[in-house]
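Read off the chains here:
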Amino acid sequence: MNKYLFPRLFFLPLACIVFVNVACSQKYFTKNAQIGFFSDTPIEKIEAHNTTSNCVFDLATGRIEFSALIKGFQFERALMQEHFNENYLESDQFPKAIFKGQIDNYRKIDPAKNTKHIVRVSGELNMHGVSRSITAQAVIDVKDGNLKATSEFQIAVADFQVEIPSLVKDQIAKNVKVKVEATLKPLGK
Amino acid sequence: MRTYFLLITAFVCLASLKAQQDDLLSLLEEEETTEYINASFKTNRVINFHSLENTAGGVLDFKIGHRFGTLNGGFYELFGLDNATIRLGLDYGISDVFTVGLGRSSYQKTYDGYVKYKWLRQSTGKRNMPISAALLLTSAVQTLAWANPERDNFFSSRLYYTTQLIIGRKFNESFSLQLSPTMVHRNLVRTNTEKNDVYGVGAAGRFKLTKRISVNAEYMYLLPGQVASDIKPSLSLGFDIETGGHVFQLHFTNSTSMIEKGFIAENTNSWADGGIHFGFNVSRVFTIVRKKVPVI
């Protein structure tokens with residue numbers, strides 16, 4: 001044991017942490033992910049849009065997470081927005097919708113090459129106090145180091161225990177189309 | 001010693017990995033936003049009173065107010081159902097905090113108009129504001145034929161003005177309460193014992209029974225010595241029932257008039273004598289100007 005051993009030993013874990021962090025630091029994010037939903041029935045078309053959702057994607061593991069404030073969804077009609085928050089999604093009690101998932105074939109995404117990748121995303125969507133598994137196809141478009149992710153899928157309103165009174169059941173679709181669009185930039189650079 | 005450090009190394013690396021796996025969203029700092037508290041009442045009226053709420057910007061609200069006769073009319077009047085007074089009104093939201101309205105009541109053939117500005121909005125988050133407050137200015141012109149056409153009558157004698165401050169809070173999901181200090185000015189009064197300016201304080205609340213049904217109550221206290229002795233304070237109890245674009249308000253009230261100068265300062269019915277009207281308001285909203293929503 002000599003006197004240099006201690007600094008060397010100290011350096012080792014540090015180097016290791018740095019290495020691990022570098023390896024995992026290929027993260028991408030946005031605070032302006034757009035989420036839209038569309039309810040389409042013969043009587044009424046309803047849509048709402050949220051343009052301030054958070055999204056983080058970890059290129060090293062393929063994990064992707066979204067978070068959207070329910071109150072951030074905007075409707076053309078003020079009363080619909082009020083009812084959406086008060087009666088349907090109960091945003092005071094359940095303020096956020098959160099998706100945590102995994103991109104299956106994430107390894108083929110190379111941020112250095114401008115290409116479009118079609119990928120599969122699966123994970124859990126938590127909304128209105130209910131968690132449901134969701135699987136959807138998404139397109140990841142690599143452009144100049146940024147990733148543009150788009151996806152479209154359907155969710156069943158009843159799955160999330162959103163009650164629709166019989167009086168308006170013909171005006172609100174049982175399955176709502178959800179569109180997601182997020183332009184992700186590298187995190188921490 | 002060496003093993004010890006290696007262990008730490010391994011542990012720190014793993015922990016670092018683990019932390020990154022757990023919650024990606026926590027990597028983003030959440031910006032604190034101001035969240036406005038909405039829907040303290042289902043519509044912009046409690047029963048007769050203006051509530052804390054405004055008509056949303058770009059929305060037209062068509063109101064039908066209807067009061068049957070009083071219950072003490074007995075069987076002969078079918079407990080009031082033989083008679084009716086109505087008010088038809090239109091409220092329009094210039095913006096989310098500024099509403100204008102017009103109405104016409106059959107009671108004393110009165111036209112009325114108002115402006116209402118919500119200058120404080122209850123909010124949480126970045127800007128924390130415990131209450132909402134609105135200013136209401138109304139005027140009314142009564143167009144009954146002159147009682148004494150032979151004397152000099154002035155148009156100004158037909159005019160009434162109300163200034164009201166509405167201060168309140170949505171305490172939780174189901175309970176909201178408001179106070180409204182009010183001044184009603186009458187250009188002409190019946191006798192010289194009555195004051196032209198009448199001051200009072202109203203209290204109103206609602207309690208939600210279900211998501212779409214609430215029970216509402218309102219009471220107007222008048223300071224003593226301002227009005228004739230037969231004038232009674234207005235007290236109303238009722239339900240709000242919301243069905244999509246409509247709000248139905250069903251209630252019992254001792255006020256015949258549905259506008260401020262009437263139900264505050266001209267109310268002669270008393271609950272004790274059965275001078276109670278059954279009545280309803282129907283509110284139907286139409287979106288005239290759709291909000292611009294950034295679309296994907």
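Residues numbered from 1 in each chain as written. Chains lettered and ligands numbered in written order. Predicted model: local features only at pLDDT ≥ 70, side-chain atom pairs only at ≥ 80, totals over all residues. Heavy atoms only, no water.

Participant: Quick rundown of the overall build of chain A? Include the residues and the values.
Facilitator: Within chain A one finds two helices and nine strands. Put simply, chain A has 189 residues, and 46% of those count as buried. Per element, the accessible surface of chain A, about 10,000 Å² overall, is 55% carbon and sulfur. (Helix = DSSP H or I, 4+ residues; strand = E, 2+ residues; numbered from the N terminus. Buried < 20%, exposed > 50% of the residue type's maximum accessible area, 1.4 Å probe, protein only. Areas by Shrake-Rupley, 256 points an atom, 1.4 Å probe, with all protein chains shown as cover.)

Participant: How would you explain unusual backbone geometry if you had to name every residue and give the values?
Facilitator: Where the residue is not glycine, phi is negative for most of them; where a peptide bond is considered, it is trans in most cases. Residues and elements named next belong to chain A. You will see that glutamate 90, though not glycine, has its phi angle at about 45°, which is positive. As for its placement among the helices and strands, glutamate 90 is situated in the loop between α2 (78–88) and β5 (96–103). The backbone of aspartate 144 shows a phi angle near 50°, a positive value even though the residue is not glycine. Tracing the backbone through its elements, the reader meets aspartate 144 in the loop between β7 (130–143) and β8 (146–156).

Participant: Can you break down the environment of valine 162 of chain A residue by residue, with the values?
Facilitator: Its location among the elements puts valine 162 of chain A in the loop between β8 and β9 (175–186). Considered as a pair, valine 162 of chain A and glutamate 82 of chain A are 80 residues apart in the sequence and their alpha carbons are 15 Å apart.

Participant: Can you lay out the nonpolar core for me, pointing to particular residues and giving the numbers?
Facilitator: Counting 48 residues, the largest nonpolar core has Phe57, Ile109 and Ile155 of chain A as its most contacted members. Tallying contributions element by element places β7 of chain A first for this core, with six residues. Each residue touching phenylalanine 57 of chain A, except ones within four places of it in the same chain, is listed here: Gln26, Lys27, Tyr28, Gly62, Arg63, Ile64, Ile103, Ile109, Leu147 and Leu184 of chain A. Within the second largest apolar cluster, 20 residues are counted, among which are Tyr114, Ala134, Val184 and Ala228 of chain B. (Core = buried A, V, L, I, M, F, W, Y, C linked by side-chain atoms within 4.5 Å. Contact = heavy atoms within 4.5 Å.)

Participant: Requested: an account of the confidence of the model for chain A, with residues and values cited.
Facilitator: When the pLDDT values of chain A are averaged, the result is 88; 86% of them are 70 or greater. Counted against residues more than four places away or in other chains, residues 20–24 of chain A, with its pLDDT under 50, gives 10 contacts. (pLDDT = per-residue confidence, 0-100.)

Participant: Please give an account of the side chain of serine 53 of chain A that cites residues and values.
Facilitator: Note on placement: serine 53 of chain A falls in strand β2 (residues 45–58). Beyond its immediate chain neighbours, meaning those up to four positions away, serine 53 of chain A contacts Thr30, Lys31, Asn32, Ala33, Ile35, Ser67 and Ala68 of chain A.

Participant: How would you summarise the pairing of strand β13 (residues 246–253) of chain B if you had to cite specific residues and measurements?
Facilitator: Residue and element names in this part refer to chain B. Covered by surrounding structure in β13 are Val247, Gln249, His251 and Thr253 only, the residues His246, Phe248, Leu250 and Phe252 on the alternate face being uncovered. Following strand β12 (residues 235–243), the chain reverses through two residues before pairing antiparallel with β13; glycine 244 in that reversal takes a positive phi of roughly 60°. Pairing geometry for β13 and strand β14 (residues 277–287), over eight bridges, is antiparallel. Bridge pairing in β14 links glutamine 249 to asparagine 281. (Pairing = 2+ DSSP bridges.)

Participant: Mind laying out the pattern of salt bridges, listing which residues take part and the relevant values?
Facilitator: Counted according to the given criterion, the structure contains 20 salt bridges over all chains. Between aspartate 40 of chain A and lysine 45 of chain A there is a salt bridge, and its shortest N-O distance comes to 3.3 Å. In this structure lysine 45 of chain A comes out as exposed when scored by relative accessible area, which is 67%. As a salt-bridge pair, glutamate 173 of chain B and lysine 208 of chain B come within 3.7 Å of each other at their nearest N and O atoms. Remark: lysine 208 of chain B occurs in strand β10 (residues 197–208) and glutamate 173 of chain B occurs in the loop between β8 (159–170) and β9 (175–186); sequence separation between them is 35 residues. With a relative accessible area of 32%, glutamate 173 of chain B lands in the partly exposed category. Residue lysine 208 of chain B is classed as buried on the basis of its relative accessible area of 8%. One salt-bridge network, held together by shared partners, links Glu86 of chain A together with Lys170, Glu173 and Lys208 of chain B. (Salt bridge = Lys/Arg side-chain N within 4 Å of Asp/Glu carboxyl O.)

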